[in-house]
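# Residue-level structure breakdown
Below, each chain spelled out in residue letters.
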Amino acid sequence: MSRIEIFNSEGFRHDGRRFDELRNFTCTIGDHPNLDGSSSVKLGATKVSCMVVGPYNGPPRLNFSIDVTPFSTFERQARKNEKRLQELQSLLVTSFTSACATAELPGTIDVRIQVLAQDGGLVSACTNAATLALIDAGIPMKDYICACSAGIYDTTPFLDLSNAEETDLSFLTIGALGNDSDVLMLLLENKIPADHLPVVMDMALSGTQLVRQVMDDTVRYYTQQRLAKRKLTGL
Amino acid sequence: MPSKRKFEVSMASESATALDHVSLRSVKGKCVKIVREQYLRTDIPCRSLLCTRCNTDLSVALPGSSPMLATLSSAPPSTDSLGPHYAVPDLSALTQAMDCFESSKLFYDVIILQSVLEQLRSVSTPLYRRLKSVIAANNKRFVVFHNLFHKPSFVAKQPAETFDHYGSRCVLSAASWYAKHIPDVNIVVVSAGLIETNDSSVTVLPLSEYIPQFSGTASLLDSMLRSEPAIKKNPNNTVYFSEHFPTSKILGGVKSGQLIQGKLHISHYNSNEGHIYSSDRDDTILIIGKDNLNRAFNDDIVAVELLPQSEWKTELVTLDTVKDVDEDDSNDFLRTDSNISKKPTGKVVGIVRRNWRQYVGHIDIRSTPDILNPTFHGITNVLVTPMDRKIPKIRIRTRQAGSLVGHRILVMPDTWDTDSRYPDGHFIRDLGPMEDQDAETEAILLENDVQYQPFSQAVLDCLPKEGHEWRVPESKSDPLWNKREDLRNLQICSIDPPGCQDIDDALHARMLPNGNYECGVHIADVTHFVKPRTPMDNEAAARGTTVYLVDKRIDMLPMLLGTDLCSLKPRVERFAFSVIWELTPDAEIVSTRFTKSVIKSVNAFSYDEAQKRIDETSNSDELTKSMRMLLKLSKQLKQRRIDAGALNLASPEVSVRLENEQNDPTGVEVKELKETNSLVEEFMLLANISVAKRIYEAFPQTAMLRRHQPPPESRFEEFSKELKKLKGLKLSTKSSKAIADSLDKCIDPKDPYFNTLARIMATRCMMSAQYFASGQFDYAEFRHYGLASEIYTHFTSPIRRYADIIAHRELAAAIGYEPADSRMHKLQEEHLLSFMLVRALRVTQLSRKRG
Ligand SMILES: [Zn+2]
């Protein structure tokens, strides 16, 4: 018998959520006024912050780097994690390059993501943080890339898996562009039976729409604040 | 790919507040901070029919699945002093009186708190399982209330708060909430421990006062009696044992290497002796004597302190060979029998985890002779001698000692203090008089932890509702016919022991136009009826296997499936899973295919009947011809296996003769093996091997296989030495082929049973085969030594072995019949399962031996 009960007979997940509930998702923009763009994202107990430098003169290119602070994770499978991060970096480069609104990137852009705490949903947190920081830096994008994970337990799709659930279940992460549910990126972490794939993807996509709502509200809120500040200082 | 179906997802914070759970855990020696979130909700329903406020219509999973219905009755049980009430048991009540909760006499409308359920799960898996089945049965109106997810009643654990104290705070907080939420009924917290409240709306009642309020519960009451601390068994305050170290000291000691932690194994021969195995030292540490065992039970996880080297001992078993050995030999690194090797000895200084369970035993009359006096009434202490000789006597308190003498009774230890010679426990249940067959059978089952209770309603609900009237649908357009081949026209028959009701397998053979043979093995399609993770599947997995006792069979699956709907009975259409080969006249495989099918067996034979039919030369019908083909091919298959070095080690099947159902066994006979026995066996082996290859191809990581390692040289040494000494025979152990050949030569012309005996002895030297997931080992290590096969699995007995059910699901997924189980990748689960299956098989062997 495993340590925790993933889904009990009364329909609760191990952390008290229902199958279709997202964890607390909050974000902030512009934490570092000295940088071109910055953001931080909290998804449950997972915490990620993102910093953007650029665009500056150089070849039109996106550079992603992901740092995992040592205290944010268990030390297990260090090498496997290393590989996973590289994979994630290249996935983010492709996704964000294609989401850029102009034919060519306006210059070199460095995106640095720092993972401060991990409790599942690493890919979604990183993607969402990068979207916000790039918007903060004023990079023209077609729309938000919003990411969310979903998995399957028996026949029930689960939204937004925690670390404990990720170790026990098959799951995927979807990045959607905007609110027309276009799948821009899809990362399958392990095997999901073909029959169940549509329902898991639907679940993740529904999640991305909720994420988009929160991100959109955040961007509008901070933009308004900034505008108000400019008016005050008379700029 | 996505169907653009929208889910009404929401953020958990809309109906819940997040709470960070910070815990420190040591991962590989490093201290790691683990943060996880937990949500405290406000929308958890109380599930009482008296409540109009809670929204009970929350769908718990996908829309369309069963909602959490209000279950607690609006007219709950009522007593004079308590009035109508809902009972809320705490952990101590459940651990001490599970029988009362299962009883039909009392405990209706019970609120089981999530906090209590989780605590129970951590202290006893069997009790947890029993409680879960009471909840699932739903006839006693037990509801689970998730107080740990419920904002109004949640209480946080204080730093350094004990397990029990926190547990009772959770119970009281939830009970108070209920009392305010549903003022029309009383909320009664039932406990066997010390629990107090200052909330006047909640009644707290000891179990021993609660139970007598219901009629017909006198016999249940004894399970509440314990030797209470007030009753001093030992007036002189003699201390028999030394105190255990405090937990912190044990943890520190184990970490620094001063103490050794391990599972205590008590010797089969002497209950005052045991050992633990230390993987760090790669050695066993002997623990000799009651003082050194210091109140530890067999299977407890203990911390041991080494004794000074001067007190190290040689193991008893080697004592008689010690004399004629020179001192110098002890420098030898190779430890042989003729070597003095002093074993470290130790003393138990602490118990990391008790593995106490319920024990079957009988009252030791010598301990309290006066209970035999017919005028004796009242409560008394008695000693119970457990059936398991590794377990010390347990003292219990009972008021029915007189009537329990000479009975098998079930008891549970509770504590063992330093000032007591014996552990203190409590009475649970009377199984019946000793020597009575029912009582003894139940005792064996209990002692071996075999699930023998009747199947719960939840399990029975998984059966097809047509019952015995279930038929293969007539119309082939019925969805059940999807991807199923119609093999009803084949001449299929089954061959089993006489009187076999659960027919797992059937066979056929026919000549192909090209001169080759088509042979088929058809296995009952159990997984059509047993779907993954249904209550029936869980129950079958927990049972692991059908257990055969002399006069009783404890089924893995309900009778309806085992002996009817799945059983490949003759002249009835049945669903099957077929393996069909094309074989050359030399029994070489040309091709193999697998398909789900519908078959109609022509006849069911016993081994004898089949043999007679084949031998009778005048028979020339289709069926007999195909049976002859099968026999011919099976002989070739067997020869090839033997040439490859397969061992014929299986101990002969022993059958126990019963005069009639009620009578005691009258004799034991060794079954004679007919050619038809090995006909069936060969084709089953072939099917298992073919299936193993196919599922390994499809699931290189998770295929469920079975392997058998070669025996370590050392095990055979003694046996071959004895053979040499006694009979002058030589046993070669170089390879399985060599063993098989030399065993064939182990013949004593004067003693016809000698060869059989030698084979049984050789079997004892073998390793036992094990289930594993293909990802665990390299292909070279898959080998099944005994069968001389590169790869092997269990596929052919799904009615009575759970491993076969897994293989069936994997094969069905491999051939694209149904999607793979979404959690099949979960290796860990299978590890566990493998363990359980092995245990269950061992139990079968054991009960056969003892029964
Ligand atoms: Zn209510």
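Criteria and thresholds
- Positions within a chain are numbered from 1, following the residues in the order the chain's sequence is written.
- Starting at A for chains and at 1 for ligands, labels are handed out in the order in which the entities are written.
- Local features in this predicted model are restricted to residues of pLDDT 70 or higher, and side-chain atom pairs are both shown and tallied only at a pLDDT of 80 or more, whereas totals for entire chains, interfaces and linings draw on every residue.
- Each side-chain value is derived from all of the structure's non-hydrogen atoms; neither hydrogens nor water enter the calculation.
- What counts as a helix is a DSSP run of H or I of at least four residues, what counts as a strand is a run of E of at least two, and both are numbered from the N terminus.
- Accessible area is worked out with a 1.4 Å probe on protein chains only. A residue is then buried under 20% of its type maximum, exposed over 50%, and partly exposed in between.
- Values of accessible area rely on a 1.4 Å probe in the Shrake-Rupley scheme; residue burial ignores everything except the protein chains shown.
- Any two residues having at least one pair of non-hydrogen atoms within 4.5 Å are treated as being in contact.
- In this analysis, strands are considered paired if DSSP registers two or more bridges between them.
- A fitted line through C-alpha atoms serves as each axis, taken over the contacting stretch for helices, and the angle formed by two N-to-C directions is quoted from 0 to 180°.
- Take the buried residues of types Ala, Val, Leu, Ile, Met, Phe, Trp, Tyr and Cys, join any two whose side-chain atoms come within 4.5 Å, and each joined set is a nonpolar core.
- Disulfides are defined as pairs of cysteine sulfur atoms found within 2.5 Å of each other.
- To pair, rings of Phe, Tyr and Trp, with the six-membered ring standing in for Trp, must have centres within 6.5 Å; the planes then decide the type, stacked if under 30 degrees apart, edge-to-face if over 60, and tilted in the middle.
- We count a charge as sitting over a ring when the NZ of a lysine or the CZ of an arginine lies within 6 Å of the ring centre and within 35 degrees of the ring normal.
- The term salt bridge refers to a side-chain nitrogen of Lys or Arg lying within 4 Å of a carboxyl oxygen of Asp or Glu.
- Put simply, angles under 35 degrees are roughly parallel, angles over 145 are roughly antiparallel, angles from 65 to 115 are roughly perpendicular, and the rest are oblique.
- In this scheme the crossing of two helices becomes right-handed for a clockwise turn of the near helix relative to the far one and left-handed for an anticlockwise turn of less than a right angle.
- Each residue is assigned to one of three groups, with Ala, Val, Leu, Ile, Met, Phe, Trp, Tyr, Cys and Pro labelled nonpolar, Asp, Glu, Lys and Arg labelled charged, and all others, Gly among them, labelled polar.
- Here pLDDT means the predictor's own confidence in every residue, given as a number from 0 to 100.

### A few points about the overall build of chain A
Within chain A, the regular secondary structure consists of four helices and 10 strands. Reading chain A from its N terminus to its C terminus gives the helix and strand order β-β-β-β-β-α-β-α-β-β-α-β-β-α. A total of 235 residues make up chain A; the buried ones form 58% of that total. In the structure as shown, chain A presents an accessible area of about 9900 Å², 52% of it carried by carbon and sulfur atoms.

### Points about the overall build of chain B
Along its length, chain B carries 22 helices and 33 strands. Each of the 851 residues in chain B was classed as buried or not, and the buried ones make up 51%. For chain B, long-range pairs separated by at least 24 residues make up 66% of all intrachain contacts whose partners lie at least 6 apart in sequence. About 41700 Å² of surface is accessible on chain B, with carbon and sulfur atoms providing 51% of the total.

### Quick notes on the sheet that holds strand β7 (residues 145–153) of chain A
Residues and elements named next belong to chain A. Spatially, β8-β7-β9-β10 is the arrangement adopted by the four strands of the open sheet, whose pairing is antiparallel. Since the sheet does not close on itself, it has two edges, and those belong to β8 (156–159) and β10 (182–188), each with one partner. For this sheet, the mean inter-axis angle between neighbouring strands, taken without regard to orientation, is 30°. In the sheet, β7 pairs with β8 via four bridges, with the strands oriented antiparallel. For Gly151, the partnering residue across the bridge sits in β8 and is Phe158.

### Focus on the nonpolar core
Judged by nonpolar contacts, the single largest core of 75 residues is most densely connected at Phe25, Phe96, Val111 and Ile113 of chain A. For this core, the element with the most residues is helix α4 (residues 197–233) of chain A, which contributes 12 residues. Apart from residues no more than four positions distant in its own chain, Ile113 of chain A is found in contact with Val48, Ser49, Cys50, Phe64, Ser65, Ile66, Asp67, Leu92, Cys126 and Ala130 of chain A. Ranked by size, the runner-up nonpolar core spans 57 residues in total, among them Cys51, Val143, Phe145 and Ala175 of chain B.

### Topic: the state of the cysteines
All names here are of chain A. Enumeration over the complete set of coordinates arrives at zero disulfides over all chains. Note on Cys148: no disulfide assigned, nearest cysteine sulfur contributed by Cys146 at a separation of 9.7 Å. Residue Cys148 is classed as buried on the basis of its relative accessible area of 2%.

### Observations concerning the packing of aromatic side chains
With the rule as written, the count across this model stands at 26 aromatic pairs over all chains. When the centroid spacing of 5.0 Å and the interplanar angle of 70° are considered together, the rings of Phe145 of chain B and Tyr178 of chain B count as edge-to-face. Of this pair, Phe145 of chain B sits in strand β7 (residues 142–145) while Tyr178 of chain B sits in helix α5 (residues 163–181); the two residues are 33 residues apart in sequence, bridging distant segments of the chain. Judged on exposure class, the residue Phe145 of chain B and its partner Tyr178 of chain B are both buried. Ring pairing ties together the aromatic residues Phe101, Phe107, Phe142, Tyr210 and Phe214 of chain B, which thus form one cluster. We note Arg18 of chain A situated over the ring of Phe12 of chain A; from NZ or CZ to the ring centre the distance is 4.1 Å. Here the guanidinium or amino end of Arg484 of chain B rests over the ring plane of Phe575 of chain B, the centre of that ring lying 3.7 Å away.

### Side note on the pairing of strand β13 (residues 283–288) of chain B
Look at any regular strand and the pattern is simple: side chains alternate between the two faces of the sheet. Both strand β12 (residues 273–278) of chain B and β13 of chain B contribute to a ladder of six bridges, which runs antiparallel. From the neighbouring strand, Ser278 of chain B faces β13 of chain B, where its bridge partner is Asp283 of chain B.

### Comments concerning the pattern of salt bridges
Residues and elements named next belong to chain A. Taken as a whole, this structure holds 42 salt bridges over all chains when the rule is applied. Ionic pairing is found between Arg17 and Asp15, a salt bridge with its closest N-O pair at 3.0 Å. Across the pair, exposure class does not vary: Arg17 and Asp15 are buried alike. Arg212 is paired through a salt bridge with Asp143; the nearest N and O atoms lie 3.3 Å apart. Residue Arg212 is located in helix α4, and its partner Asp143 is located in the loop between α2 (122–136) and β7; the two are separated by 69 residues in the primary sequence. Note on Asp143: relative accessible area 22%, which makes it partly exposed. A single salt-bridge network, built from bridges that share partners, covers Arg13, Asp15, Arg17, Arg23, Asp119, Asp160 and Glu165.

### Describing the packing of helix α16 (residues 622–643) of chain B against helix α17 (residues 675–698) of chain B
Residue and element names in this part refer to chain B. For the pair α16 and α17, the least separation of the axes is 8 Å and the interaxial angle reads 70°. One way to sum up the angle between α16 and α17 is to call them roughly perpendicular. Our pair here, α16 against α17, has a crossing hand that is left-handed. Counting all contacts with α16, which are made through Met627, Leu630, Leu631, Leu633, Ser634, Lys635, Leu637, Lys638 and Arg641, the residues of α17 involved are Glu675, Ser678, Leu679, Glu681, Glu682, Phe683, Leu685 and Leu686. Here the residues of the contact of α16 with α17 are counted per class, giving nine nonpolar, two polar and six charged.

### With respect to the side chain of Arg130 of chain B
Residues and elements named next belong to chain B. Here Arg130 is to be found in helix α4 (residues 125–137). When its relative accessible area of 17% is taken as the criterion, Arg130 is described as buried. Not counting the four nearest positions on each side in its chain, Arg130 is found in contact with Met98, Asp99, Glu102 and Gln358.

### As for helix α13 (residues 535–543) of chain B
All names here are of chain B. Here α13 lies mainly inside the structure; seven of its nine residues are buried. When α13 is considered as a whole, its buried residues turn out to be Met536, Asp537, Glu539, Ala540, Ala541, Ala542 and Arg543. Backbone geometry just downstream of α13 places Gly544 in the positive-phi region, at approximately 80°.

### Notes on the side chain of Thr218 of chain A
Following the sequence through the fold, Thr218 of chain A ends up in helix α4. Not counting residues within four places of it along the chain, the set of residues in contact with Thr218 of chain A comprises Cys27, Thr28 and Ile29 of chain A.

### Topic: the sheet that holds strand β4 (residues 46–56) of chain A
Residue and element names in this part refer to chain A. If you trace the five strands from one edge of the open sheet to the other, you get β2-β3-β4-β6-β5, paired in mixed fashion. Each having just a single partner strand, β2 (25–29) and β5 (61–68) make up the two edges of the open sheet. Adjacent strand axes in the sheet meet at a mean angle of 15° when their direction is disregarded. Where β5 meets strand β6 (residues 108–117), eight bridges bridge the pair, whose relative direction is parallel. Its bridge partner lying in β6, Arg61 is registered against Thr108.

### Considerations on unusual backbone geometry
With an omega dihedral of 0°, the bond running from Gly54 of chain A to Pro55 of chain A counts as a cis peptide bond. With respect to the element layout, Pro55 of chain A can be found in strand β4. If you check the backbone angles, Asp154 of chain A has positive phi at about 55° while not being a glycine. Looking at the element boundaries, Asp154 of chain A is found in the loop between β7 and β8. Positive phi, normally seen in glycine, also occurs at Arg141 of chain B, with a value near 55°. Structurally, the position occupied by Arg141 of chain B is in the loop between α4 and β7.

### A closer look at the packing of helix α15 (residues 607–615) of chain B against α16 of chain B
Residue and element names in this part refer to chain B. Following both chains from N to C, one finds α15 and α16 inclined at 100°, their axes separated by 9 Å at the closest point. Judged on the interaxial angle alone, α16 and α15 are roughly perpendicular. Along the contact surface, α15 presents Ala610, Arg613 and Ile614, while α16 presents Leu623, Thr624, Met627, Arg628 and Leu631. Grouping the constituent residues of the contact of α15 with α16 by class yields five nonpolar, one polar and two charged.

### Looking at the confidence of the model for chain B
All names here are of chain B. For chain B, per-residue confidence averages 79 on the pLDDT scale, and 80% of positions sit at 70 or higher. Segment residues 316–339: pLDDT under 50, and 16 contacts once partners within four positions in sequence are set aside and those in other chains are kept. pLDDT under 50 marks residues 839–851. Its contacts with residues more than four places away, or in other chains, come to 23 contacts. Reported confidence for the predicted complex is 0.86 by ipTM and 0.61 by pTM.

### Here we look at the environment of Val384 of chain B
Residues and elements named next belong to chain B. With respect to the helices, strands and loops of the structure, Val384 is situated in strand β17 (residues 380–386). A C-alpha to C-alpha distance of 5.1 Å links Val384 and Ile394, two positions 10 residues apart in sequence. Setting aside chain neighbours within four positions, we find Val384 in contact with Gly361, His362, Ile363, Lys393, Ile394, Ile396, Ile409 and Val411.

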